[in-house]
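Next come the chains, spelled out residue by residue.
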Amino acid sequence: MSRLYTLRKQAVGAPPTTPQAAEIDFRTELNDQQYAAVTSPPGQALVLAGAGSGKTRTLTYRVAYLLANAVAAQNILLLTFTNKAAREMLERVDALLPGQTGGLWSGTFHSICNRILRRHATLAGLTTGFTILDAEDSKSLMSKIVKESGVGKRVENATGEKFPKAPVIQGILSYATNTKKSLEDVIREKYSPDPDFIHGVHEIAKLYEKKKRTANSLDFDDMLVRTLELFDEHPHVLAEYQYQFQFILVDEYQDTNPIQSDVINALAGQHGNVMVVGDDAQSIYSWRGADFRNIISFPERFPDAQVYKIETNYRSTPEILHLANEAIRPNQKQFKKTLRSSRGPSKQKPVLAALYSPQEQAIFVTQRMRELHEEEGIPYREMAVLYRAHFQSMDVQLQLTQDGVPFTVTSGLKFFETAHIKDFSAFLKLAINLRDESAFDRIVKLLPGVGAGTAAKMWALWLMKATKLGDKLPESFSNFMSGIKVPARAEKDWQQLGWTMDEFLTPEGTLQPPMVVMKSIWEGIYKDWLKAEHENFESRSQDVTQFMRFGDRFETVFDMLSELSLLSGPEAAEENPASREESVVLSSVHQAKGLEWNVVFIIWLTDTMFPNMRAAEEGESGLEEERRLFYVALTRARDQLYLLYPRMNPKSYTGDVFQQPSRFLETLPRESLEEWRIGR
DNA sequence: TTTATTAAAGTTTTT
DNA sequence: CTTTAATAAA
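What comes next is a walk through the structure. Given the structure is predicted, the values throughout are model-derived calculations rather than measurements.

Rules used throughout
Residues numbered from 1 in each chain as written. Chains lettered and ligands numbered in written order. Predicted model: local features only at pLDDT ≥ 70, side-chain atom pairs only at ≥ 80, totals over all residues. Heavy atoms only, no water. Buried < 20%, exposed > 50% of the residue type's maximum accessible area, 1.4 Å probe, protein only. Helix = DSSP H or I, 4+ residues; strand = E, 2+ residues; numbered from the N terminus. Near = heavy atom within 4 Å. Polar contact = N/O pair within 3.5 Å; in protein donor to acceptor, adjacent residues only side chain to side chain. Nonpolar A, V, L, I, M, F, W, Y, C, P; charged D, E, K, R; others polar. Phe/Tyr/Trp six-rings, centres within 6.5 Å; stacked < 30°, edge-to-face > 60°. Salt bridge = Lys/Arg side-chain N within 4 Å of Asp/Glu carboxyl O. Pairing = 2+ DSSP bridges. Axes fitted to C-alpha atoms, helices over the stretch in contact; angles between N-to-C directions. Contact = heavy atoms within 4.5 Å. Right-handed = clockwise from strand over helix to strand, strands pointing away. Core = buried A, V, L, I, M, F, W, Y, C linked by side-chain atoms within 4.5 Å. Parallel < 35°, antiparallel > 145°, perpendicular 65-115°, else oblique. Expected span 1.5 Å × (residues − 1).

## Side note on helix 6 (residues 109-119)
- Helix 6 sits mainly inside the fold: 9 of its 11 residues count as buried.
- Within the span of helix 6, buried status applies to Phe109, His110, Ser111, Ile112, Cys113, Asn114, Ile116, Leu117 and Arg118.

## Structural notes on the protein's contact with DNA strand B
- As a structural note, the neighbourhood of DNA strand B is formed by 25 residues, with Arg388, His390, Gly451, Thr454 and Arg614 the closest of them.
- In the interface set of DNA strand B, defined as its atoms within 4 Å of the protein, sugar plus phosphate atoms amount to 71%.
- Note that a phosphate oxygen of DNA strand B is positioned 2.9 Å from one of the backbone N or O atoms of His390.
- A distance of 2.9 Å is found between a phosphate oxygen of DNA strand B and a side-chain nitrogen or oxygen belonging to Ser588.
- Tallying contributions element by element places helix 22 (residues 452-469) first for the surface near DNA strand B, with 4 residues.
- Tallied by class, the residues present in the surface near DNA strand B amount to 7 nonpolar, 13 polar and 5 charged.

## A look at the packing of aromatic side chains
- Following the criterion strictly, the structure yields 28 aromatic pairs and no others.
- An angle of 35° between the planes, with centres 5.2 Å apart, marks the rings of Tyr285 and Trp287 as tilted.
- A centroid spacing of 4.6 Å and a plane angle of 15° characterise the contact between Phe601 and Tyr642, whose relative ring orientation is stacked. Of this pair, Phe601 sits in strand 15 (residues 597-602) while Tyr642 sits in strand 16 (residues 637-646), placing them 41 residues apart in sequence. Each member of the pair, Phe601 together with Tyr642, is buried.
- Taken together, the aromatic side chains of Phe424, Phe427, Trp522, Tyr526, Trp529, Phe547, Phe550 and Phe554 make up a single cluster linked through ring pairs.

## Some details on the pattern of salt bridges
- Under the defined criterion, the tally for this structure stands at 39 salt bridges.
- Measuring nitrogen to oxygen at the nearest pair gives 3.9 Å for the salt bridge that ties Arg370 to Asp403. Linking Arg370 in helix 18 (residues 358-376) with Asp403 in the loop between helix 19 (394-402) and strand 13 (407-409), this pair joins segments that are 33 residues apart in sequence.
- Classification of Arg370 by relative accessible area gives partly exposed; the value is 30%.
- With a shortest N-O distance of 3.8 Å, Glu523 and Lys527 are connected by a salt bridge. In this pair, Glu523 and Lys527 both sit in helix 25 (residues 514-533), 4 residues apart, roughly one turn of the helix.
- On the basis of relative accessibility, which here comes to 27%, the residue Lys527 falls in the partly exposed class.
- Where salt bridges share partners, they join Asp134, Glu136, Asp137, Lys422, Asp423, Lys429 and Arg442 into one cluster.

## With respect to the sheet that holds strand 1 (residues 45-49)
- Spatially, 3-2-6-7-1-8 is the arrangement adopted by the 6 strands of the open sheet, whose pairing is parallel. The sheet terminates laterally at strand 3 (105-107) and strand 8 (306-310), the two strands that pair on one side only. Averaged over all adjacent pairs, the angle separating strand axes in this sheet is 10°, with direction ignored.
- Looking at chain direction, strand 6 (residues 247-250) and strand 7 (residues 274-278) are connected through 3 bridges and run parallel. Residue pairing for strand 7: Leu249 is matched across the bridge by Met275.
- Sitting on the sheet, helix 5 (residues 83-96) is in contact with strand 2 (76-79) and strand 3, with an inclination near 135° to strand 3.

## As for the pairing of strand 6
- A two-sided burial pattern is seen for strand 6, the buried positions comprising Phe247 and Leu249 on one face and Ile248 and Val250 on the other.
- As paired strands, strand 2 and strand 6 are joined by 4 bridges and run parallel to one another. Opposite Leu77, over in strand 6, you have Ile248 as the bridge partner.
- Handedness of the crossover joining strand 6 and strand 7 through helix 14 (residues 258-268) is recorded here as right-handed.

## Section: the sheet that holds strand 16
- If you walk across this open sheet you meet the 7 strands as 13-14-12-15-16-11-19, and the pairing is parallel. Looking at the sheet topology across the chains shown, the edges are occupied by strand 13 and strand 19 (674-676). Neighbouring strand axes in the sheet, compared pairwise and without regard to direction, differ in orientation by 20° on average.
- Sheet topology note: the strand 12 (residues 383-387)/strand 15 ladder contains 4 bridges and is parallel.

## As for the nonpolar core
- Core analysis: the largest hydrophobic core is formed by 53 residues, its most contacted members being Phe424, Leu428, Met458, Trp462, Trp494, Tyr526 and Phe547.
- The set of elements that each furnish at least two residues to this core consists of helix 20 (419-432), helix 21 (437-444), helix 22, helix 23 (477-482), helix 24 (491-502), helix 25, helix 26 (537-551) and helix 27 (557-564).
- The contact partners of Met458, leaving out residues within four places of it in the chain, are Phe440, Val444, Leu447, Val450, Ile484, Lys485, Val486 and Trp494.
- By size, the runner-up hydrophobic cluster in this structure holds 40 residues, among which are Cys113, Leu126, Ile132 and Ala266.

## A closer look at the packing of helix 8 (residues 151-159) against helix 11 (residues 195-214)
- Between helix 8 and helix 11, the least distance of the axes is 10 Å, while the angle of their chain directions is 175°. By the angle between their directions, the pair helix 8 and helix 11 is classed as roughly antiparallel. On the side of helix 8, the interface is formed by Val151, Arg154, Val155, Ala158 and Thr159, while helix 11 contributes Asp196, Phe197, His199, Gly200, Glu203 and Ile204.
- Looking at the contact of helix 8 with helix 11, its residues break down into 5 nonpolar, 3 polar and 3 charged.

## Here's the deal with unusual backbone geometry
- The omega torsion of the bond from Phe610 to Pro611 falls at 10°, within 30 degrees of zero and hence cis.
- Inspection of the secondary structure assignment puts Pro611 in the loop between strand 15 and helix 30 (613-617).
- One non-glycine residue, Asn216, adopts positive backbone phi at about 55°.
- Among the structural elements, Asn216 can be located in the loop between helix 11 and strand 5 (217-218).
- Overall, the relative accessible area of 2% leaves Asn216 in the buried class.
- Unlike most non-glycine residues, Glu252 shows phi in positive territory, near 50°.
- By secondary structure assignment, the location of Glu252 is in the loop between strand 6 and helix 14.

## Some points on the side chain of Ser425
- In this structure, Ser425 sits in helix 20.
- Apart from residues lying up to four places away in sequence, Ser425 is in contact with Phe547 and Leu564.

## Quick word on helix 7 (residues 135-149)
- In a regular helix each residue adds 1.5 Å, so 15 residues correspond to 21 Å; helix 7 covers 21 Å between its end C-alpha atoms and thus fits that length.
- If you check which residues of helix 7 are buried, you get Asp137, Ser138, Leu141, Met142, Lys144, Ile145 and Val146.
- Considering only its buried residues, helix 7 is in contact with strand 4 (131-132), helix 8, helix 9 (166-179), helix 11, helix 20 and helix 21.
- Two to three positions downstream of the cap, the backbone nitrogen of Glu136 sits 3.0 Å from a side-chain oxygen, assigning the N-cap of helix 7 to Asp134.
- Gly150 sits one or two positions beyond helix 7 and adopts a positive phi of about 70°.

As structure tokens, then:
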């Protein structure tokens with residue numbers, strides 16, 4: 001006879017009992033609204049926190065509060081938008097309650113799901129060494145499928161219209177997955193209602209799915225999908241996690257999409273202790289399936305939910321806040337809330353300036369930054385340039401370089417996405433997952449005389465051998481590889497590669513630690529390839545050295561790779577040594593979410609760029625999202641804000657084009673702005 | 001048939 | 001600047 005023995009519910013509402021808890025005075029360190037949210041009883045809670053209102057602080061103290069009330073760290077799950085946000089929050093909790101966060105799970109949905117899948121790889125139909133396809137990997141896999149299958153050609157012949165390219169198909173599949181809509185609906189809505197198209201994309205999707213399974217690899221969306229499948233097929237696994245995560249906290253809830261919502265619901269299970277924090281006005285990821293109505297409908301979906309509002313803004317000057325409030329006002333769909341500034345009036349009103357050209361805009365930004373730095377002593381790291389799209393930062397980058405102002409770009413060229421770093425890590429990926437087609441392709445195409453055709457033939461052979469081996473490491477890579485034919489001029493390199501990969505193995509037949517493996521790759525083969533391939537060998541080899549330093553932190557190649565693929569833009573940039581120095585930040589508005597600076601320049605505020613023309617064409621909902629994005633941009637600034645746009649856009653072939661100022665600028669109250677006329 | 005080279009054109013936002 | 005398309009060469 002088994003017996004159910006229930007542990008008493010942790011008393012969350014009870015006064016602090018541990019000695020550490022006594023040291024945190026929650027009442028005085030938080031304002032009334034924050035305090036109410038932090039001390040919320042178990043159950044569902046929605047915290048609506050305006051921009052700059054101490055959202056992170058609230059979440060941090062909530063975690064501390066739970067810990068202080070004898071909730072064990074391993075019973076808490078903290079879901080954040082970036083891994084960096086998770087790390088920072090834990091550091092802050094650790095400052096409040098030193099050494100008590102061990103065992104707490106935190107990170108993005110993707111990293112948490114990845115962690116779960118690694119633990120139950122076999123149950124999920126994978127092997128422990130499964131690899132992750134980043135956006136580029138899955139794109140090239142997809143285009144390979146389109147070419148190989150001939151589906152594109154066939155559909156084009158049948159319809160006379162162009163078949164979508166790999167990135168478009170990928171976008172369609174991903175959107176369908178994230179919104180849980182049917183593929184058919186999404187194609188109709190986003191592309192074409194033609195049955196030939198729908199059928200074609202379906203076919204591609206199937207082949208793509210099959211290829212991923214054969215390759216023992218997952219793309220980003222798969223991490224969530226496969227976790228949910230795992231829970232579905234193995235209820236005891238789900239139960240284990242439901243039991244573990246007694247308290248779930250979700251940051252940036254306004255940007256969660258239906259599939260992420262499913263993950264939350266699955267984990268919350270019976271206890272339902274879920275606190276979600278967000279701001280509907282800052283929902284900017286609808287194109288990734290997020291729906292801000294999620295946050296608005298939360299109280300309806302969970303009738304017992306407590307709702308807390310946090311409305312005091314500690315970040316911005318009243319002028320900036322007033323501007324932001326006015327900017328978002330035209331949006332019909334929003335929670336009404338009044339953000340009050342806790343600060344006194346500023347000495348510098350927000351500035352609006354029209355520049356003649358993008359170059360002049362860049363000169364203005366650079367010159368003003370240098371002034372603020374040299375005359376007012378504002379550190380460079382306290383200044384940022386924000387824009388709607390990466391390419392809009394090019395002029396500024398050029399000018400900053402010319403004038404010797406140090407800067408970091410948090411988007412665009414991401415350290416881990418540069419060709420040489422991806423090449424380098426492909427060796428590692430292949431070592432832990434012999435079936436990784438993307439990695440194989442990448443490596444093999446580095447050989448002289450090997451292109452797509454030869455690579456495909458080699459892959460067929462390789463896969464057969466790997467399958468025969470059954471996911472174990474070969475005893476000798478060189479033997480394993482010797483049976484595969486390569487073109488005459490690649491022969492020497494191919495052999496060398498085999499010998500190099502032999503060095504990956506320990507005498508016991510397991511994989512060496514990351515540093516040993518990476519040294520082999522570098523010394524054994526990649527150094528020479530890189531030297532032959534690129535002129536700027538020096539800077540690229542420094543990147544590789546930096547990458548090896550990153551890898552040295554991990555005990556196994558497994559750990560290293562699973563972390564690697566999940567690093568997002570801003571955090572990946574931090575691995576780049578240049579970014580740690582004192583430097584100005586250039587960032588897309590999306591990536592600036594959750595960050596703040598003393599001085600913010602928003603550039604390219606013209607009517608085709610911001611709002612983005614394509615988004616504006618989507619109608620009112622598209623425009624509202626652009627407006628929220630503008631709101632996010634404005635509320636990043638603490639003290640000084642510069643709104644800039646060029647009057648003229650010089651294009652190479654059509655000649656100069658006049659620019660309309662952004663329609664968002666028209667609704668701003670003039671009395672809160674200072675217009676600067678720019679002389680030359 | 002496959003690879004290497006050269007010319008041309010086009011760019012939202014990202015875990 | 002980066003990716004794709006067209007052409008030359010092996």
